[in-house]
There are 2 protein chains.
Amino acid sequence: MKMHIEFRHLRTIKAIHEHGGVARAADILNITQSALSHQIKSLEDQAGVELFVRRSKPMRLSAAGQRLLRAAERILPEIEALQNEFDGLRGGRSGRLHIAIECHACFEWLFPVLEKFRKHWPDVDVDIRPGLAFDALPALQKEEVDLVISSDPEDIPGVEFKHLFDYESVFVAAQSHPLAQKEYITAEDFRDQTLITYPVERTRLDIFSQLLIPNKIEPALIRQVELTAVILLLVASNRGVSALPDWVIREVKYSSDYVTRPITPKGIHRKLFAAARENDLKKEFVADLIEWAGLEAKSLQSY
Amino acid sequence: MKMHIEFRHLRTIKAIHEHGGVARAADILNITQSALSHQIKSLEDQAGVELFVRRSKPMRLSAAGQRLLRAAERILPEIEALQNEFDGLRGGRSGRLHIAIECHACFEWLFPVLEKFRKHWPDVDVDIRPGLAFDALPALQKEEVDLVISSDPEDIPGVEFKHLFDYESVFVAAQSHPLAQKEYITAEDFRDQTLITYPVERTRLDIFSQLLIPNKIEPALIRQVELTAVILLLVASNRGVSALPDWVIREVKYSSDYVTRPITPKGIHRKLFAAARENDLKKEFVADLIEWAGLEAKSLQSY
DNA sequence: TTAATTTTATGAATTTGATTAATGAAGATC
DNA sequence: GATCTTCATTAATCAAATTCATAAAATTAA
């Protein structure tokens, strides 16, 4: 014979204990005294143990009953929290917003945005999942993530791409670097250079996807570095050159240590999008994040 | 509209996730696929949120569903543990054994017994509650406590007193103490002495209840000390005399630092009992503890 | 592509089991 | 001892979870 506990039982035990007696508990729970009596009896039958001491009249918890009470006091708050969370979810106050970013440099403007977001939407579970390991868009469809930052919009049913902002991929080198003399940089210029990039697949880097791969040029050496600040450090000390989005460049643009040049005469101009499920786009907090992302990036670019 | 979650729902969510799909989950849970479908629908209606993504066929958890799953994985083990504990309780393998001791010196033989007990009955929740603050026997009736160690059996319905062992309350003093010359000690002898006792009510000390109170004698000074070892230390350095049960003085009995003497020509002889509810006496672990308590004390006395 | 198979949804019938109402018994309280 | 509480019990009622039968949608195989 197996014991079949339900939340109702836990609530009953708790109420009887707190209000001292079945009758009062019944009042509180908006239920008949008889119902509680039945409930207890069935529980005791199943457990094979007396849950209450009936020697004196307002009946008290037995040892076994006290054990049950302790369990109730651990478990009940859990579902209560759960229910609150779902209430918030329905009210659009809480939710999940796991973001996959395909572009590594996006951390730069995303972090400040998330700071602001967390303050305004404390009940939303935000997280960044560096989209290195998996294909972000299928994950978006499967609801494994909720927002994808990407430069390459695709036509996927149920998924919408919102334009965030335009940017330019810019060449950076030290002031003293030979290429600093040129008005603009071409694919050929990279052939004998050390190129410093983020440690991600080539196809995710504009300099490769937009220039070097189409022109079938291979740099002399590629050095992969995680942090933007470190990339800039290496560039300044002439250990290589790099190509970075303009919102990253802002801090070095007017520094005499660096020169920045367009790549190709026209420059590499690209757009950044936020992809989300159509359903989620109705949610206020998702709209907020997208709006703030656009603003933050533009403000970084406007130096 | 309020959400009404039950354990059943949590189990369903967990099963669907683990076995990938409603159909398999239904098999596992020994329930119809239809039942699960209805269950989910009702949950989703109440929550006002889709718990699953139905774009592809073996359906997967949505963001909200994953939140529910996490809750399930925290809550379900709790009741499972609870049910196991109640199984053990019915099987007599687990239970609670909170012991109230009225006699302070009983720690001496109780600790080693509890050590042994914990090894044999790992699932029983044993505890000692120093019975200083409350009346132990009413607490026993109310199931606030499960075993009472006492020298004074009373006739209480539903409570049985099991004889543990006999002991003698013995006078202890330093070898050099004047009273060491006497064959036996009388009430009068305490009139000008410093008496060292445990820090409990007088009525709980044999020397008072059996000798000093009946003879209306007050010692010159009473000094209260918690630890038996400290009492003996003070006695040895002639800072006072004491009266202790024989199982405590075993270690000093043959030491040349101390003398031990009977109190009154016949000595103060008492019995110790374990009081428990009649119901609990049927339990094997309770019987074991009582048996071992008797053996341990007798072995301490047999030096 | 069609056909076959698997997977989920739905509506109505059924069964389960929780709740109630009415009443009785056993303490507690005055 | 009379009265007031508190809890247990029975049978009747009511709600809700499950089942059965079947349809719809998607996946896989042919």
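Criteria and thresholds
Every chain is numbered on its own, with residues counted from 1 as its sequence reads. The order in which chains are written sets their letters, starting at A; the order in which ligands are written sets their numbers, starting at 1. Local features in a predicted model are, by the rule used here, given only for residues with pLDDT of at least 70; side-chain atom pairs are given and counted only at 80 or more, and totals for whole chains, interfaces and linings are based on all residues. In DSSP terms, a helix is any run of H or I states spanning at least four residues, a strand is any run of E spanning at least two, and both are numbered starting from the N terminus. Radius of gyration here is computed from C-alpha atoms only, and the compact-globule reference equals 2.2 Å multiplied by the residue count raised to the power 0.38. In this scheme the burial state of a residue depends on its C-beta neighbours within 10 Å: 20 or more other such atoms mean buried, 12 or fewer mean exposed, and anything in between means partly exposed; the C-beta positions come from the backbone. Connectivity within a nonpolar core runs through C-beta atoms within 7 Å, and the core itself is a set of buried Ala, Val, Leu, Ile, Met, Phe, Trp, Tyr and Cys residues. We call two residues in contact whenever the C-beta atoms placed from their backbones are within 7 Å. Only the C-beta atom matters for this test: placed from the backbone, it must lie within 6 Å of a molecule or strand for the residue to be near it. Gly is placed with the polar residues, together with every amino acid not listed as nonpolar (Ala, Val, Leu, Ile, Met, Phe, Trp, Tyr, Cys and Pro) or charged (Asp, Glu, Lys and Arg). For every domain, the bounds stem from an assignment made automatically or drawn from a database. All copies are superposed by least squares; the fitting set is the C-alpha atoms of residues with a pLDDT of at least 70 in both. An expected span of 1.5 Å times one less than the residue number is assigned to each helix. Lines fitted to C-alpha atoms define the axes here, with helix axes fitted over just the stretch in contact, and angles between the N-to-C directions of these axes take values from 0 to 180 degrees. Convention used here: angles under 35 degrees read as roughly parallel, angles over 145 as roughly antiparallel, angles from 65 to 115 as roughly perpendicular, and any remaining angle as oblique. Handedness of a crossing follows from how the near helix is turned relative to the far one, being left-handed for an anticlockwise turn of less than a right angle and right-handed for a clockwise one.

## Here's the deal with the overall build of chain A
Now for step 1: The helix and strand tally for chain A stands at 11 helices and 11 strands.
Now for step 2: For 303 residues, the compact-globule estimate of 2.2 N^0.38 gives 19 Å, and the C-alpha radius of gyration of chain A, at 31 Å, exceeds that figure by more than 25%.
Now for step 3: Overall, chain A is about 100 × 35 × 35 Å in size when its C-alpha atoms are taken along their principal axes.
Now for step 4: Split into buried and exposed, the 303 residues of chain A put 34% on the buried side.

## Details of the nonpolar core
Now for step 1: Leu147, Val148, Ile149, Phe171, Val172 and Ala274 of chain A are the most contacted members of the largest nonpolar core, which totals 58 residues.
Now for step 2: It is helix H11 (residues 284-301) of chain A that provides the largest number of residues to this core, a total of 7 residues.
Now for step 3: Ignoring sequence-local partners within four residues, the contact set of alanine 274 of chain A consists of Leu147, Ile149, Lys162, Leu164, Ile290 and Ala293 of chain A.
Now for step 4: Membership of the second largest hydrophobic core comes to 56 residues, among which are Leu140, Leu147, Ile268 and Leu289 of chain B.

## Notes on the protein's contact with DNA strand D
Now for step 1: In the region of DNA strand D, 23 residues are neighbours, and Gly21 of chain A together with Thr32, Ser34, Ala35 and Lys57 of chain B sit closest.
Now for step 2: Secondary structure elements with two or more residues in the surface near DNA strand D: helix H2 (22-28) and helix H3 (33-47) of chain A together with helix H3 (33-47) of chain B.
Now for step 3: Residue contributions to the surface near DNA strand D peak at 6 residues, all from H3 of chain A.
Now for step 4: The class makeup of the residues in the surface near DNA strand D is 7 nonpolar, 11 polar and 5 charged.

## Overview of the domain arrangement of chain A
Residues and elements named next belong to chain A.
Now for step 1: Looking at the assigned domains, one finds that chain A contains domain 1 (7-90), domain 2 (96-165 + 273-301) and domain 3 (166-269).
Now for step 2: Computed from C-alpha coordinates alone, the two centres of domain 2 and domain 3 are separated by 26 Å.
Now for step 3: Taken together, the contact between domain 2 and domain 3 spans 11 residues of the former and 12 residues of the latter.
Now for step 4: Put simply, the parts of the chain that give the side of domain 2 that touches domain 3 at least two residues each are helix H5 (107-120) and H11.
Now for step 5: Sort the elements by how many residues they give to the side of domain 2 that touches domain 3 and H11 lands first, with 3 residues.
Now for step 6: Its residues assigned to classes, the side of domain 2 that touches domain 3 comprises 7 nonpolar, 2 polar and 2 charged.

## Quick word on the protein's contact with DNA strand C
Now for step 1: Near DNA strand C you find 23 residues, and of these Thr32, Ala35 and Ser56 of chain A together with Gly21 and Ser34 of chain B are the closest.
Now for step 2: The set of elements that each furnish at least two residues to the surface near DNA strand C consists of H3 of chain A together with helix H2 (22-28) and H3 of chain B.
Now for step 3: Per element, the largest residue contribution to the surface near DNA strand C is 6 residues, and it comes from H3 of chain B.
Now for step 4: Looking at the surface near DNA strand C, its residues break down into 7 nonpolar, 11 polar and 5 charged.

## Quick look at the relation of the copies chain B and chain A
Now for step 1: Superposition of chain B onto chain A requires a rotation of 179° combined with a translation of 0.1 Å along the rotation axis, giving an RMSD of 0.2 Å. The superposition operator between the copies reduces to a two-fold rotation axis.
Now for step 2: Comparing contact sets, 97% of the residues at the interface of chain B also lie at the interface in chain A, consistent with an isologous, same-surface contact.

## Re the interface of chain B and chain A
Now for step 1: With 31 residues of chain B at the contact, the number on the chain A side is 30 residues.
Now for step 2: Of the residues forming the side of chain B that touches chain A, the biggest block, 14 residues, is contributed by helix H4 (residues 63-90) of chain B.
Now for step 3: Looking at the side of chain B that touches chain A residue by residue, the classes come out as 14 nonpolar, 5 polar and 12 charged.

## With respect to helix H1 (residues 7-19) of chain A
All names here are of chain A.
Now for step 1: An ideal rise of 1.5 Å per residue puts 18 Å on 13 residues; H1 measures up with 18 Å between its terminal C-alpha atoms.
Now for step 2: Of the positions making up H1, those classed as buried are Leu10, Thr12, Ile13, Ala15 and Ile16.
Now for step 3: Against the buried residues of H1 lie H2, H3 and helix H4 (63-90).
Now for step 4: Glycine 20 lies just past H1 and shows a positive phi near 60°.

## Details of the packing of helix H5 (residues 107-120) of chain B against helix H11 (residues 284-301) of chain B
All names here are of chain B.
Now for step 1: Close contact between H5 and H11 brings their axes to 9 Å; oriented N to C, the two are set at 140°. Put simply, H5 runs oblique to H11. In terms of crossing hand, the pair formed by H5 and H11 is right-handed. Here H5 contributes Trp109, Pro112, Val113, Lys116, Phe117 and His120 to the contact with H11, which in turn contributes Asp288, Leu289, Trp292, Ala293, Glu296, Ala297 and Leu300.
Now for step 2: Considered class by class, the residues forming the contact of H5 with H11 number 9 nonpolar, 1 polar and 3 charged.

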